[in-house]
Amino acid sequence: MFLSKLLHSGIYVYALVGESGTGKSFRAKLIAEKNGIDAIIDDGLLIKDDKILAGKTAKHEKTYMGAVRIALFDDKKHRDDVAKTLKKAKIKKLLIIGTSEKMVGKITSRLQIPAPSKIIKIEDIANREEIEKAIRSRQIEGKHVIPVPSIEVKKSYSKIFHDGVTELIEKGKLSLFKKEKSMSEKSIVTPEFSKKGRIEISEAALSQMAMHCVTEFSPEIRIKKLAIKTDSRGYRIVLTIDVPFGRQLTGEVHKMQQYVIEKIERYTGILIEEVSIIIDKITIQGK
């Protein structure tokens, strides 16, 4: 099944995964150069040969939630545009940048391309000091990277453009005298949502949605406690419940987990990394 899909699409997919602000976009071109990758998908953009072929950048959004939806290709017109361009450009190797494997999986599913055959973690290509420096730059200065030259970013996103950075990339091929090298330029931008601070869906709103999903799934299940946890990869929901006697617990709990995740992701565009369910009590009907 996977092989037929791979052959049909003609694309070999790589993924570069790491938490937000750890320097993934900064290192994307280096990864692409070393692996002979034709194109990159980063925060809603399809990039090839230092040009934006299709899409729109999440970094142009005014709110954090809007940025998440763009990065996940939540809008049909956006994802159709990128999917058609991918096919038309006859790209053979593609690098997708994401904060988690789940995020990358959602992107490949929406663009109808194979799941990644190779996953590279940011910790594999950057040391702890480099990662911490990138995180500080993101948190203190609100700086983000788009792996395309300044002229490309200024053309469409002049309002968020901040600066350009040029680096030397070794291609890894040996000539008679030395390694081949090329110059690579990236753009530093400051998104509106970064200037204003991270705007997220409120815990109260997410809690209400989760409770509604559980009730919709089964009115007999009683929620005793609900906790929301967040990190750069997404949201985690912890539910403590009472269930009626006689339910097939293992199967029902798994179905309910999937139901809550699918409903919330569909209507909000956010990523739910995990729904943990704790069964506190098995109740007898009427008691």
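Residues numbered from 1 in each chain as written. Predicted model: local features only at pLDDT ≥ 70, side-chain atom pairs only at ≥ 80, totals over all residues. Heavy atoms only, no water.

(A) View of the sheet that holds strand E1 (residues 12–17). Across the sheet, 6 strands lie side by side as E4-E3-E2-E5-E1-E6; this open sheet has mixed pairing. Both outer strands of the open sheet, strand E4 (51–55) and strand E6 (118–121), are each paired with one neighbouring strand and no more. On average, each strand axis in the sheet is inclined to that of its neighbour by 25°, with strand direction left out of account. Examined bridge by bridge, strand E2 (residues 39–42) and strand E5 (residues 93–98) share 3 bridges and lie parallel to one another. (Pairing = 2+ DSSP bridges. Helix = DSSP H or I, 4+ residues; strand = E, 2+ residues; numbered from the N terminus. Axes fitted to C-alpha atoms, helices over the stretch in contact; angles between N-to-C directions.)

(B) Main features of the environment of Leu-239. Inspection of the secondary structure puts Leu-239 in strand E11 (residues 234–244). Leu-239 sits in the buried class, given a relative accessible area of 0%. Through-space distance from the C-alpha of Leu-239 to that of Gln-257 is 9.8 Å; in sequence the pair is 18 residues apart. The contacts of Leu-239, once residues within four sequence positions are left out, are Val-214, Ile-223, Lys-225, Leu-226, Val-275, Ser-276, Ile-277 and Ile-278. (Buried < 20%, exposed > 50% of the residue type's maximum accessible area, 1.4 Å probe, protein only. Contact = heavy atoms within 4.5 Å.)

(C) Main features of the side chain of Lys-106. Within the secondary structure, Lys-106 is located in helix H5 (residues 101–111). On the basis of relative accessible area, Lys-106 is assigned to the buried category, the value being 17%. When neighbours within four sequence positions are excluded, Lys-106 is seen to be in contact with Leu-72, Glu-265 and Leu-271.

(D) Geometry of the pairing of E11. Counted residue by residue, E11 has 10 buried out of 11 residues, so it is predominantly covered. Relative to strand E12 (residues 272–283), E11 is paired through 10 bridges, and the arrangement is parallel. Paired with Leu-239 across the strands is Ile-277, a residue of E12.

(E) How the structure looks around a nonpolar patch on the surface. On the surface, Phe-245, Ile-279, Ile-282 and Ile-284 cluster together into a nonpolar patch covering about 420 Å² of accessible area. Residue placement: Ile-284 occurs in the segment after E12. When its relative accessible area of 52% is taken as the criterion, Ile-284 is described as exposed. (Patch = residues over 30% accessible without salt bridge, like charges linked within 9 Å, V, L, I, M, F, W, Y side chains within 5 Å. Areas by Shrake-Rupley, 256 points an atom, 1.4 Å probe, with all protein chains shown as cover. Salt bridge = Lys/Arg side-chain N within 4 Å of Asp/Glu carboxyl O.)

(F) Layout of the side chain of Arg-27. Here Arg-27 shows up in helix H2 (residues 24–35). With near-sequence residues (within four places) excluded, Arg-27 lies in contact with Thr-22, Ile-122, Ile-125, Ala-126 and Glu-130.

(G) Structural view of unusual backbone geometry. A positive phi angle, near 50°, is found at Asp-49, a position not held by glycine. At Asp-50, a residue that is not glycine, the phi angle is positive and equals roughly 65°. If you trace the backbone, Asp-50 turns up in the loop between strand E3 (45–48) and E4. Looking at Asp-50, the relative accessible area reads 32%, which means it is partly exposed.

(H) Fine view of the confidence of the model for the chain. For the chain, the average pLDDT comes to 78, and 71% of its residues sit at 70 or higher. Taken element by element, the predicted model of the chain shows its lowest mean pLDDT in helix H1 (residues 2–9) (41) and its highest in E1 (95). Contacts of residues 160–164 to residues separated by more than four positions or lying in other chains number 23 contacts, the stretch itself having pLDDT below 50. Confidence drops under a pLDDT of 50 for residues 172–179, and excluding neighbours within four residues, the segment shows 6 contacts in the predicted structure. (pLDDT = per-residue confidence, 0-100.)

(I) A look at H5. By the burial criterion, the buried members of H5 are Met-103, Val-104, Lys-106, Ile-107, Thr-108 and Leu-111. Positioned one or two residues after H5, Gln-112 has a phi angle of 60°, which is positive.

(J) Looking closely at the pairing of E1. Counting buried residues along E1, 5 of its 6 residues qualify, which places the element largely inside the surrounding structure. Sheet analysis places E1 next to E5, joined by 6 bridges and oriented parallel. For Leu-16, the partnering residue across the bridge sits in E5 and is Ile-97. Examined bridge by bridge, E1 and E6 share 4 bridges and lie parallel to one another. What sits directly across from Leu-16, in E6, is Ile-120.

(K) Here's a closer look at the pattern of salt bridges. Scanning the entire structure with this criterion turns up 11 salt bridges. A salt bridge links Glu-130 to Arg-27; the shortest N-O distance between them is 3.5 Å. With a gap of 103 residues between them, Glu-130 in helix H7 (residues 128–141) and Arg-27 in helix H2 connect regions that are remote in the sequence. Classification of Glu-130 by relative accessible area gives partly exposed; the value is 35%. Among the salt bridges present, the one from Lys-224 reaches Asp-280, with a minimum N-O distance of 2.7 Å. With Lys-224 in strand E10 (residues 222–231) and Asp-280 in strand E12, the pair connects residues that are 56 residues apart, well separated along the chain. On the accessibility criterion, Asp-280 (46% relative accessible area) is partly exposed. One network of salt bridges, with partners in common, ties together Arg-222, Lys-224, Asp-242 and Asp-280.

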